[in-house]
Amino acid sequence: LPPPAQAVATPGTELRRTPRLQSSPRVSVFQAGEDNYTQFRIPVLLSVPSSPASPASGCVVGPGVLLAFAEGRGRDHTSAADWGNKHIVTKKSTDEGLSWGRLVVAANNTYVGAQTDSRNTWVGNPSPVYDDVTGRITLVFVFMTREPFMTVSTDIGDVSKRTPTNR
């Protein structure tokens, strides 16, 4: 950051300085090679508000919750190209991004139906949205660039109870 501009006090005014941004440590969220993905593309960061969701939702949000999403490409040394076997992965931070939890597959290319060949199909373009009325996080994404799908989490990004749908 550049040094702050000199502050000059004039008679009858208060001396004010522009606040400086505090530096924070650099933290990598996704690392090439992690969980056998050769690369991560299309990163998205969702900040969940620190205030609780609507009391009617039953969902209580803690402060500083961040969710990072990306396309995990090249799983098990397959192609990392725009087409091919790729998943949407996510990580969660509860300390405002200083540390991140384990990598979890949020959406993959196998749930869309047994009729598809998972090696030649893929999901991508993660677009998470937080609804502060219901406390739900909706992850909208596409299947093979043409068919929109979504999955909903009511547990602040934990993927244990998700049901994908294209409706």
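Just so it is clear, the model here is predicted, and its values are computed rather than measured.

This brings us to the sheet that holds strand β1 (residues 39-48). With respect to topology, four strands assemble into an open sheet ordered β1-β2-β3-β4, the strand pairing being antiparallel. Whereas interior strands pair on both sides, the edge strands pair on one side only; in this sheet they are β1 and β4 (104-107). Adjacent strand axes in the sheet meet at a mean angle of 35 degrees, parallel and antiparallel pairs treated alike. Bridge count between β1 and strand β2 (residues 65-73): eight bridges; the pairing is antiparallel. Bridge pairing in β2 places Gln-39 opposite Arg-73.

What follows covers the sheet that holds strand β5 (residues 123-130). What the three strands build is an open sheet, ordered β5-β6-β7; its pairing is antiparallel. Both outer strands of the open sheet, β5 and β7 (147-153), are each paired with one neighbouring strand and no more. Direction aside, neighbouring strands of the sheet carry axes that sit 20 degrees apart on average. Where β5 and strand β6 (residues 137-143) come together, six bridges link them in antiparallel fashion. Bridge pairing in β6 places Gly-124 opposite Val-142.

Here we come to the side chain of Glu-34. If you trace the backbone, Glu-34 turns up in the segment before β1. Only 2.6 Å separates the side chain of Glu-34 from the side chain of Lys-91, close enough to count as a polar contact. Aside from chain neighbours lying at most four places away, what touches Glu-34 is Val-29, Phe-40, Lys-91 and Leu-103.

Moving on: the layout of surface pockets. In this structure, the largest pocket occupies an estimated 200 Å³ of space. Within the lining of the largest pocket, the residues separate by chemical class into 12 nonpolar, two polar and one charged.

Before going further, it helps to examine the pattern of salt bridges. Taken as a whole and judged by the stated rule, the model has three salt bridges. A salt bridge links Glu-71 to Arg-73, with the shortest nitrogen-to-oxygen separation between them at 2.6 Å. Here Glu-71 and Arg-73 have matching classes, each one buried. Where Lys-86 meets Glu-71, a salt bridge forms, and the shortest distance between an N and an O atom there is 3.1 Å. Of the two residues, Lys-86 sits in strand β3 (residues 86-93) while Glu-71 sits in strand β2, which places them 15 residues apart along the sequence. Each member of the pair, Lys-86 together with Glu-71, is buried. It is possible to trace a salt-bridge network through shared partners that takes in Glu-71, Arg-73 and Lys-86.

On to the nonpolar core, then. Core analysis: the largest hydrophobic core is formed by 17 residues, its most contacted members being Ile-88 and Phe-141. Breaking this core down by element, the ones donating at least two residues are β1, β2, β4, β5 and β6. A per-element tally of this core places β6 first, with four residues. Those residues in contact with Ile-88 that lie beyond four places of it in its chain are Phe-69, Ala-70, Val-104, Val-105, Ala-106, Ala-107, Val-123, Gly-124, Pro-126, Leu-139 and Phe-141.

About the thresholds
- Residues numbered from 1 in each chain as written.
- Predicted model: local features only at pLDDT ≥ 70, side-chain atom pairs only at ≥ 80, totals over all residues.
- Heavy atoms only, no water.
- Pairing = 2+ DSSP bridges.
- Helix = DSSP H or I, 4+ residues; strand = E, 2+ residues; numbered from the N terminus.
- Axes fitted to C-alpha atoms, helices over the stretch in contact; angles between N-to-C directions.
- Polar contact = N/O pair within 3.5 Å; in protein donor to acceptor, adjacent residues only side chain to side chain.
- Contact = heavy atoms within 4.5 Å.
- 1 Å grid on protein atoms, 1.4 Å probe; cavity = no way out; pocket = protein on both sides within 12 Å on 5 of 7 lines; lining within 4 Å.
- Points joined across faces, edges and corners; volume = space filled by probe spheres on them.
- Nonpolar A, V, L, I, M, F, W, Y, C, P; charged D, E, K, R; others polar.
- Salt bridge = Lys/Arg side-chain N within 4 Å of Asp/Glu carboxyl O.
- Buried < 20%, exposed > 50% of the residue type's maximum accessible area, 1.4 Å probe, protein only.
- Core = buried A, V, L, I, M, F, W, Y, C linked by side-chain atoms within 4.5 Å.

These figures capture arrangement, not role.
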